[in-house]
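Chains, contacts and geometry: an overview
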Amino acid sequence: DGGITQSPKYLFRKEGQNVTLSCEQNLNHDAMYWYRQDPGQGLRLIYYSQIVNDFQKGDIAEGYSVSREKKESFPLTVTSAQKNPTAFYLCASRAEIVMGYTFGSGTRLTVV
Amino acid sequence: ELKVEQNPLFLSMQEGKNYTIYCNYSTTSDRLYWYRQDPGKSLESLFVLLSNGAVKQEGRLMASLDTKARLSTLHITAAVHDLSATYFCAVDAEGSARQLTFGSGTQLTVLP
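1. What about the overall build of chain B?
In terms of helices and strands, chain B carries 0 helices and 11 strands. Listed by position from the N terminus, the elements making up chain B come as β-β-β-β-β-β-β-β-β-β-β. For chain B, whose C-alpha radius of gyration is 14 Å, the value lies close to the compact-globule estimate of 13 Å for 112 residues. Taking the principal axes of its C-alpha atoms as reference, chain B extends roughly 45 × 30 × 20 Å.

See below:
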């Protein structure tokens, strides 16, 4: 079945550590997105990519980095510069022709 | 900057009652989405509204879009407990770089 796979489901980060969240899709979608959700709040855009080897900052990109070396993959690195990374992270993709977005199951990141 | 406002943010209602959630947005858009989120879970797509006057219905939920008023509504008919969840609207701004901007969400609790 086609879809988006996010891993891991739960992730614990120590202070000062970089961690990478994985997002893989087999939908052949061109555009991919990373969103952050804090408890009781909506989703905010971190980074997005419309095409391989190109990506743009969203509203809250500081402390995060991404790469898009393959169409299927859009990993997100949470760097030590992100002072409050505890949140639920959702990856999404969108095809150019088909309306609508597909979301992954999410990664819950906790700082310990 | 596109802003999306939902109200109410919290909604408790009795089973069998009707209610409407409102979603206002600040700039021109031709695509509006409604999602459902259960606690700790990802987003489930409910409706995609693509044109002025669009109305879609699924079970006890009906969504509509008025692009001139920049307003979408999600109407709940004869609520049941299974509808308890958080509902988000999201707007896909016009332009070449499609990305979703989310409202803050409406946390719906249906009481027996």
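2. Looking at the state of the cysteines
Residues and elements named next belong to chain B. All told, the structure shown has 2 disulfides over all chains when counted by the stated rule. Disulfide partner of Cys-23: Cys-89, at an S-S distance of 2.1 Å. Disulfide Cys-23 to Cys-89: torsion about the S-S bond roughly 80°, handedness right-handed. Here Cys-89 lies in strand S9 (residues 85-93) and Cys-23 lies in strand S3 (residues 19-25), a separation of 66 residues in the sequence.

3. Some points on the environment of Gly-103 of chain B
Residue and element names in this part refer to chain B. Structurally, Gly-103 is set in the loop between strand S10 (100-102) and strand S11 (106-111). A residue is classified by how much of its surface remains accessible, and Gly-103, at 1% relative accessible area, is buried. Between the alpha carbons of Gly-103 and Lys-3 there is a distance of 7.9 Å; along the sequence they are 100 residues apart.

4. Examining the environment of Ser-29 of chain B
Topologically, Ser-29 of chain B is positioned in strand S4 (residues 29-37). Taking the relative accessible area as the measure of exposure, Ser-29 of chain B reaches 5% and is therefore buried.

5. Comments concerning the confidence of the model for chain B
In this model, chain B carries an average pLDDT of 92, and 97% of its residues clear a pLDDT of 70 or more. Taken element by element, the predicted model of chain B shows its lowest mean pLDDT in S4 of chain B (90) and its highest in strand S8 (residues 71-76) of chain B (97).

6. Topic: the side chain of Gln-37 of chain B
With respect to the helices and strands, the residue Gln-37 of chain B is situated in strand S4. Gln-37 of chain B sits in the buried class, given a relative accessible area of 8%. There is a polar contact of 2.9 Å between the side chain of Gln-37 of chain B and the side chain of Gln-37 of chain A. Gln-37 of chain B has contacts with Gln-37 and Phe-88 of chain A together with Ser-42, Leu-43, Ala-85, Thr-86 and Phe-88 of chain B, leaving out every residue within four places of it along the chain.

7. A closer look at the pattern of salt bridges
If you walk through the whole model with that rule in mind, you get 5 salt bridges over all chains. For Arg-36 of chain A, the salt bridge identified is with Asp-38 of chain A, shortest N-O distance 2.9 Å. Taken individually, Arg-36 of chain A and Asp-38 of chain A each receive the classification buried, so the pair is uniform in this respect. A salt bridge links Asp-38 of chain B to Arg-36 of chain B, with the shortest nitrogen-to-oxygen separation between them at 3.0 Å. A residue is classified by how much of its surface remains accessible, and Arg-36 of chain B, at 14% relative accessible area, is buried. Each of Arg-36, Asp-38 and Arg-44 of chain A takes part in one network of salt bridges that share partners.

Conventions we followed
Residues numbered from 1 in each chain as written. Chains lettered and ligands numbered in written order. Predicted model: local features only at pLDDT ≥ 70, side-chain atom pairs only at ≥ 80, totals over all residues. Heavy atoms only, no water. Helix = DSSP H or I, 4+ residues; strand = E, 2+ residues; numbered from the N terminus. Rg over C-alpha atoms; globule rule 2.2 N^0.38 Å. Disulfide = S-S within 2.5 Å. Buried < 20%, exposed > 50% of the residue type's maximum accessible area, 1.4 Å probe, protein only. pLDDT = per-residue confidence, 0-100. Polar contact = N/O pair within 3.5 Å; in protein donor to acceptor, adjacent residues only side chain to side chain. Contact = heavy atoms within 4.5 Å. Salt bridge = Lys/Arg side-chain N within 4 Å of Asp/Glu carboxyl O.

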